[in-house]
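Analysis of the macromolecular model
Here's the letter readout for the chains.
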Amino acid sequence: MSADRSTYRPENMTANRTPLTIAAVLSVAMMAPVAWLLGLSIKDNMELKLGTDSVFELPYTLVNYLNILHSSQVFGWFFNSLVVATGQTFGVLVLSSLAGYAFARLEFPFRRTIFVIVLFGLAVPEQAVIIARHQMFNWAGLHNSYVGLILPDLSSALGVFLMTQFFKAIPREIDEAALLDNASPLRIFWKVLLPLTLPAQATLGIFTFLRAWNDYWWPLISATKKEMFTLTIGIASSQINFAQTEGLGFLSAQAVFASLPVLIVYLIFQRHIVTAVSGGAVK
Amino acid sequence: MSASIEITDVTKRYGELTVLDDISLSIRAGEFVVILGPSGCGKSTLLRMIAGLEDVTKGSISVGERRVDTLPPGQRGVAMVFQSYALYPHMTVAQNMSFGLENIGLPKAEIQRRVLQAAATLEIAHLLGRKPAKLSGGQRQRVAIGRAIVKEPKAFLFDEPLSNLDAALRGRTRLELAQLHTRLGSTMIFVTHDQVEAMTLADRIVILHNRRIEQIGTPMEIYQRPASRFVAGFVGSPAMNFFPVESATSNGEMLTIQTGGLGSVGAVIRPPSRFSLSGASLGIRAEDVTVLPAGQPGIPLKAEVVERLGDRTLIYGHLTDGTKLTVEADGRSEARSGDMVQIALDTSAIHLFDAAGAAHHGEGG
Amino acid sequence: MAESYRRSQWSNGLFVLPYLAVFVVLLAFPLFWGVWLSLHKVDLFGPGRFVGLANYGRVLVDPVFLQALRNTIVFVLVSVPVLVALGLFLALALNRTTRMTSFLRGLFFSSSVLSVTIVTLIWRFVFIPGDGLLAVLSEALSVQPVNFLSTSGWSLFSVGVATVWWCIGLPMMLFLAALQQIPNDLYEAAALDNASPWRVLTRVTVPSIARTIMLVAVIQIVMQFQLFGQAQLMTNGGPNGTSRPLVMYIYEVGFLRWDVGKAAAASELLFLIILVAAMAQYVVSARKSEASE
């Protein structure tokens, strides 16, 4: 046997690099529009009016971002989004954890029936209920209020479904040990099981926050007063009067500013998000 | 402060399925009782009913003088060690042990005293600040026992607590459990499918099979005078040899039994007069069969597999009619597979079983 | 009767009650009330009178609705296969753990966390005539620029490009998760059996993730039927309604013209279409996988 002949390496089997190369090329196409937006956001509006090809040339400026600081409107929208997204996240976590615990661990009359009905809720798209909801909130006088913006998505069955799964995944012996330790159902929930669902809470929380932050349909019809706009709707409204707006550069800067919170959340919690999305596929 | 446990006519059903049928069992205060049975025999269910984790379909359970089957688990005064240990993953060892005591509102100083004492007993004092994930299997096991000890329960319930340990650790922990029982003098009920654990730990063994108690007795009673063919076959390794009985004649003193492979065997057994031969069988343990020195006439056995265990040798073979038989021979036995050996039975150690499995033993046993 | 800790108790239901109240008031009730609304003539001035199926009749003869229906179906028929195929391709290409692949995975998923408003803004800046990235590029290459957002045909296409860009993360992630579930020894066995890469893909990989392919397709069908924000913000349905989807039609009828009954009828129809499409996809896939076994 010749000594210089290298041994067969199984990993060479999968070493076809073509797909990865194509994916890398696609990633450039993926990023190009964002790069373009970033470029516009650091150009002076007057210069852009003469031609956007000036993006490829100096000078660059942060004046658009500084202008956001002077625009109380954008900050107001930002604050609204923060209140709505935080409130909704908190509400979903509380409701889903309580319900998930009961569905996973407690016995009460009609438990199975109720759970199945709630699961049916997963299949109801937003547009099947949005008109009736709008009417209801109209009568209740809840439009253009934080409560009106937060409430509807608390009904989402997804959180309940996920928390039920998470509670079911905890070994039953843990609660049995707690029962033998004289703990009440409430104490078992609060001191024993809830701490064990913290990773799940984080996942569900991140998802709810992102969804609330990005929600479009409902705030569009519920928040009609400019000062109650969420950031998503605010940016949309600036977009609609596009031509006569404050200018492409300023609009781009606003978009970058509006995306920062979700992108930061995404970067910090990327692993959580990936796990959560992947978890859905196993079912 | 240990208590007796009285289980009276307890039945457990899940819908149509009966898991335990009319079980009665008296456990004395301070007794170590092992419930032994094959998997799925309902032994864990019985333990969980005592703990209050399963409800009782029919019958009653008392701990001490108090009827407990109507009480929630925490108020029964029993502590349980789970097979998986079921430690609270987010609490430290100290918190795991004190959680139950906090729940009943014990003063802080008392909780601390008990936790420290139990930790010292179990030699886990240096682990008190750790979380379960940072412990080895054996350490987790000790914490689970410690969590039970601090409650100073009337009885300890163990649900196969050694099955998750490796063989060496299992042997050591078994010994420590026996010592713990001696020291605490508490009532302990221990569920297992491992007969070595049962034989070594138990004051009394309860054999559970097919929804019922097959036999209750000391380890020696169970081994030497099994109440049924099931017990005889289940306890002991290698398993008892069985032979179908063809015919039997009695002269008042001796019972002469005819079986296929063994031929005619005389035994000092006095079965009741209504004993029916049809379906009856004869049983004898491997160690009650001896290999005769070469040249002595006996029952011929063709050795198929010879297992040398060092202190003894197991010979698996078949008789002239093909019936299988296992013999325990001396560790220095020179028998090899393929050999023809001559064997003899210790007729005083013969067991006779009727068609229903009920056992009759020789006077010598 | 002995008591057990698992014994059914009304008080245990209290844990579910808060959610259940929200569920009933904000999901179950509106769902049924939506049906009620669709059977009544309702406008801005409050509850109206029962009109039977008249609203449905008005919707079904409305040429604007029929055009929106056609647009939506075309959109779904094109975008869903693209999302499934591209998602599967990316997952296969990136199903390895290196710095490069995890960076690319993160990148392809990152667009999914943006709001529709940002996505449309980004893509308008790509597509707008004169100032858009494509316009600038075609000028540099001396190609006749296309007016993407206001040319019939191109406008829906542009909406589709933005949608695929926005939504590609989820299919990719779901496929990646499924690929990681395939036991490695299957591939080792295939290698010992001399299987070519293509045969490994078609005979081992794809059959192993058939369920996920179906799941992704159903999710995307349900999602893409609900196309709204991208079309509204990028093209406003134009030109001449050629890129107006169903949800936008519902929005316009219900919230701009305040013909609530008609909008409700249209949304019930859309709900029905989504259910049927998802079910059909499910049934077809189930039958296919049965036949292949």
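All chains use their own residue numbering, which begins from 1 and follows the written sequence. Chains and ligands are labelled sequentially in the order written, the chains with letters from A and the ligands with numbers from 1. In view of the model being predicted, local features appear only for residues whose pLDDT reaches at least 70, and side-chain atom pairs are presented and counted only at 80 or more, with totals across whole chains, interfaces and linings using the full set of residues.

Residue and element names in this part refer to chain B. Here, any two strands with at least 2 DSSP bridges between them count as paired. To qualify as a helix, a DSSP run of H or I must reach at least 4 residues; to qualify as a strand, a run of E must reach at least 2; elements of each kind are numbered from the N terminus. Read from one edge of the open sheet, four strands run E2-E1-E4-E5, paired in antiparallel fashion. This sheet does not close on itself; its edge strands, each paired only once, are strand E2 (17-27) and strand E5 (66-67). Relative to strand E4 (residues 58-63), strand E1 (residues 5-14) runs antiparallel, the two sharing five bridges. Paired with Thr11 across the two strands is Lys58, which belongs to E4.

With that settled, the discussion passes to the sheet that holds strand E20 (residues 351-353) of chain B. Residues and elements named next belong to chain B. With respect to topology, six strands assemble into an open sheet ordered E13-E12-E11-E14-E20-E21, the strand pairing being antiparallel. The open sheet terminates on both sides in strands that have one partner only, identified here as strand E13 (263-267) and strand E21 (359-361). Averaged over all pairs of adjacent strands, the angle between strand axes in this sheet comes to 40 degrees, irrespective of strand direction. With five bridges joining them, strand E11 (residues 241-250) and strand E12 (residues 255-259) adopt antiparallel strand pairing. Opposite Ser247, over in E12, you have Gln258 as the bridge partner. Fitted lines through C-alpha atoms give the axes, limited to the stretch in contact for helices. The angle between two N-to-C directions lies from 0 to 180 degrees.

Let's shift gears to unusual backbone geometry. A negative phi angle characterises most non-glycine residues, just as the trans form characterises most peptide bonds. Residue and element names in this part refer to chain B. Look at the link from Ser237 to Pro238: it is a cis peptide, with omega at 0 degrees. Positive phi, close to 50 degrees, is recorded for Asp9, a residue that is not glycine. With respect to the secondary-structure elements, Asp9 resides in strand E1. Of note, Glu123 is a non-glycine position whose phi angle comes to about 60 degrees, a positive value. In this fold, Glu123 is placed in the loop between helix H3 (108-122) and helix H4 (137-149).

Residue and element names in this part refer to chain A. Each domain's limits were defined by an automated method or a database of domain assignments. Under the domain assignment, chain A is made up of domain 1 (18-56) and domain 2 (72-282). Between domain 1 and domain 2, the C-alpha centre-to-centre distance is 32 Å. Counting residues per element, the ones that place at least two in the side of domain 1 that touches domain 2 are helix H1 (18-41) and helix H2 (45-50). With four residues, H1 is the single largest residue contributor to the side of domain 1 that touches domain 2. For this classification, the nonpolar set comprises Ala, Val, Leu, Ile, Met, Phe, Trp, Tyr, Cys and Pro, the charged set comprises Asp, Glu, Lys and Arg, and every other residue, Gly included, is treated as polar. Residues belonging to the side of domain 1 that touches domain 2 are distributed by class as follows: four nonpolar, three polar and two charged.

Right, let's talk about the nonpolar core for a bit. The tendency in soluble globular proteins is for nonpolar side chains to be buried as a group. Membership of the largest hydrophobic core comes to 259 residues, with the highest contact counts inside it found for Ala99 of chain A together with Ile35, Ile50, Leu157 and Ile189 of chain B. Residue contributions to this core peak at twelve residues, all from helix H3 (residues 63-93) of chain C. Whether two residues are in contact depends on their C-beta atoms, placed from the backbone: they are in contact if these lie within 7 Å. Excluding its chain neighbours within four sequence positions, the residues that come into contact with Ala99 of chain A are Val160 and Met163 of chain A together with Phe15, Val16 and Tyr19 of chain C. Here a nonpolar core is just a set of buried residues of the types Ala, Val, Leu, Ile, Met, Phe, Trp, Tyr and Cys, joined wherever their C-beta atoms sit within 7 Å. Backbone-placed C-beta atoms define the burial measure: a residue is buried with 20 or more other C-beta atoms within 10 Å of its own, exposed with 12 or fewer, and partly exposed in between.

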